[in-house]
Each structure stands twice: as C-alpha cells, then as structure tokens.
Amino acid sequence: SQTIHQWPATLVQPVGSPLSLECTVEGTSNPNLYWYRQAAGRGLQLLFYSVGIGQISSEVPQNLSASRPQDRQFILSSKKLLLSDSGFYLCAWSWPPNFGPGTRLLVL
Amino acid sequence: DQQVKQNSPSLSVQEGRISILNCDYTNSMFDYFLWYKKYPAEGPTFLISISSIKDKNEDGRFTVFLNKSAKHLSLHIVPSQPGDSAVYFCAASLSNNDMRFGAGTRLTVKP
C-alpha cells in the first residue's frame, strides 16, 4: 500500500535560520507531488508541485523553494525563514491529493 | 484571492441529526470539487468529490450537492456521529495541479 512520510512533525526555528522539510512516498512510482501550507485561519495554499524528478512548478512567489532529487522524495527549503513562514506544511501525492501528516512550523 | 469560501468557521450538531456544510466559489471554470476531512495533528483525508457535470454524489452517509448557477456546493452528513467531529475543507479544481481550498469548517457532533 502507498504511504507518505513527513518529518519532523513539529519544528521551532528562529527568524533568519534555514529550513529543510522532507517528504517521501512509498508504494508508488512517478507520483505527482505537492507542497501545501495552511496558515492560521486560512485554507490550504498550494506552494509547489512536481510531476517528475527535477521538475518543480511554483504557484506563488515566496521565501521558499522545492526540490525533487529522487522520484519519491520532495524537499521544501528556505535559506532564511521569515515570521510569516509559520504554518502547517503538508506534502501530498497523486490525485486527488493524499496528504501526509504535516509539519507544524513556528518561526520565532 | 479567496476563490473558495467557507463562511461558517464552525458548526455544532446533535448526534443523529443532519450536518450541512456549505461552500461557495467564484470561478465558474472550476470543473471538479472535493471535500476533505481533517482531524487534529493529522493531514486532511479525501472524503468525497463531484464533477461539474453532476449535481449530486452520494457515498454512504455523505452526499455532496453542486449548484453551478449559484456557485455553491454543500456536504450533507446524515445521520451525524460523534466521530464525524473534525474540520472539513472544500476544494475546487481547474486542472489536476490547480486546486483551491476553503478555510475549513469545524464540525462538532454532540452525543
């Protein structure tokens, strides 16, 4: 069966520090992968999606970047976190999107 | 821009009664609509969907209704159970990689 892993579950980072969130999918090959963010009181916002290795599409301009170094690995990064980057980050795969457990990021 | 809106942040219903969750959208080009359910500290799970060529889709206790002229969809849960207590998100899609979510409605089903 297919499963999706995200880590860490919770992360507290100071402003200006770097970020790396990892997502891996098991039990499938060449999946579409997505990064979403939910800010407090808001809906889920699509940040990036990828249809294959090295193929990244960005939906909104922001302080974040994404990479897909392997077929089933999707990484969300930032060189310098902002306070506004706080939120709940969700990785998803396939269609309709199947979501991972999420990472709650708090930037202080 | 909030193309998908869930105007009720919360809803409380008695066990056994019907829960009706509402969602409005602004873009008439959306062609596929979905509902997700989310428990605390977990990612959302897909619940039910409907294509724009239909006006109703039913799956057990869950029914989604689509009113294209009003740009409105709703999720009916009947009978409601305490385990249905969660946050429900509606979403609308233009293509497989372009999906817009509402802010969610927290449903509480009281025993």
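Heads up: the structure comes first, above all this text.
This structure is a prediction, so every number in the text was calculated from the model and none was measured.

K.L.:
Whenever I open this one, the pairing of strand β8 (residues 72-77) of chain B confuses me. Can you help?
P.N.:
Along any regular strand, the residues point their side chains to alternate faces of the sheet. Residue and element names in this part refer to chain B. Buried residues dominate β8, accounting for five of its six residues. As paired strands, strand β3 (residues 19-25) and β8 are joined by six bridges and run antiparallel to one another. When the bridges of β8 are listed, Asp24 appears paired with His72. With six bridges connecting them, strand β7 (residues 62-67) and β8 associate as antiparallel partners. Residue Phe62 lies in a different strand from β8, and its bridge partner there is Ile77.

K.L.:
Explain the pairing of β3 of chain B here, please?
P.N.:
All names here are of chain B. Residues Ser19, Leu21, Cys23 and Tyr25 of β3 are buried on one face, while the alternating residues Ile20, Asn22 and Asp24, pointing to the opposite face, are not. Here two bridges tie strand β1 (residues 4-5) to β3, and the two strands are oriented antiparallel to one another. Paired with Lys5 across the bridge in β3 is Asp24.

K.L.:
What's the story with the sheet that holds strand β7 (residues 65-70) of chain A in this structure? I'm lost.
P.N.:
Adjacent strands of a sheet form backbone hydrogen bonds with each other and so pair up, either parallel or antiparallel. Residue and element names in this part refer to chain A. Across the sheet, which stays open at both edges, the four strands sit in the order β1-β3-β8-β7 with antiparallel pairing between neighbours. Each edge of the open sheet carries a strand with a single partner, namely β1 (3-7) and β7. The sheet shows a mean angle of 20 degrees between the axes of neighbouring strands, direction not considered. Examined bridge by bridge, strand β3 (residues 19-26) and strand β8 (residues 73-78) share six bridges and lie antiparallel to one another.

K.L.:
Just to check I follow, could you spell out the state of the cysteines for this structure?
P.N.:
As used here, a disulfide is simply a covalent bond connecting the sulfur atoms of two cysteines. Under the criterion given, the structure shown has two disulfides over all chains. Disulfide pairing places Cys23 of chain A opposite Cys91 of chain A at an S-S distance of 1.9 Å. Taking the torsion about the sulfur-sulfur bond, which here is approximately -70 degrees, the covalent link between Cys23 of chain A and Cys91 of chain A counts as left-handed. Here the residue Cys23 of chain A occupies a position in strand β3, and Cys91 of chain A occupies one in strand β9 (residues 87-93), the gap between them amounting to 68 residues. The class of Cys23 of chain A is buried, set by a relative accessible area of 1%. Cys23 of chain B shares a disulfide with Cys90 of chain B; S-S distance 1.8 Å. Sign of the S-S torsion, about 60 degrees for the bond between Cys23 of chain B and Cys90 of chain B, identifies this disulfide as right-handed. One end of the pair, Cys23 of chain B, is in strand β3; the other, Cys90 of chain B, is in strand β9 (residues 86-95), with 67 residues separating them in the sequence. This pair shows no difference in class: Cys23 of chain B is buried, exactly as Cys90 of chain B is.

Procedures and definitions
Residues numbered from 1 in each chain as written. Chains lettered and ligands numbered in written order. Predicted model: local features only at pLDDT ≥ 70, side-chain atom pairs only at ≥ 80, totals over all residues. Heavy atoms only, no water. Buried < 20%, exposed > 50% of the residue type's maximum accessible area, 1.4 Å probe, protein only. Helix = DSSP H or I, 4+ residues; strand = E, 2+ residues; numbered from the N terminus. Pairing = 2+ DSSP bridges. Axes fitted to C-alpha atoms, helices over the stretch in contact; angles between N-to-C directions. Disulfide = S-S within 2.5 Å.

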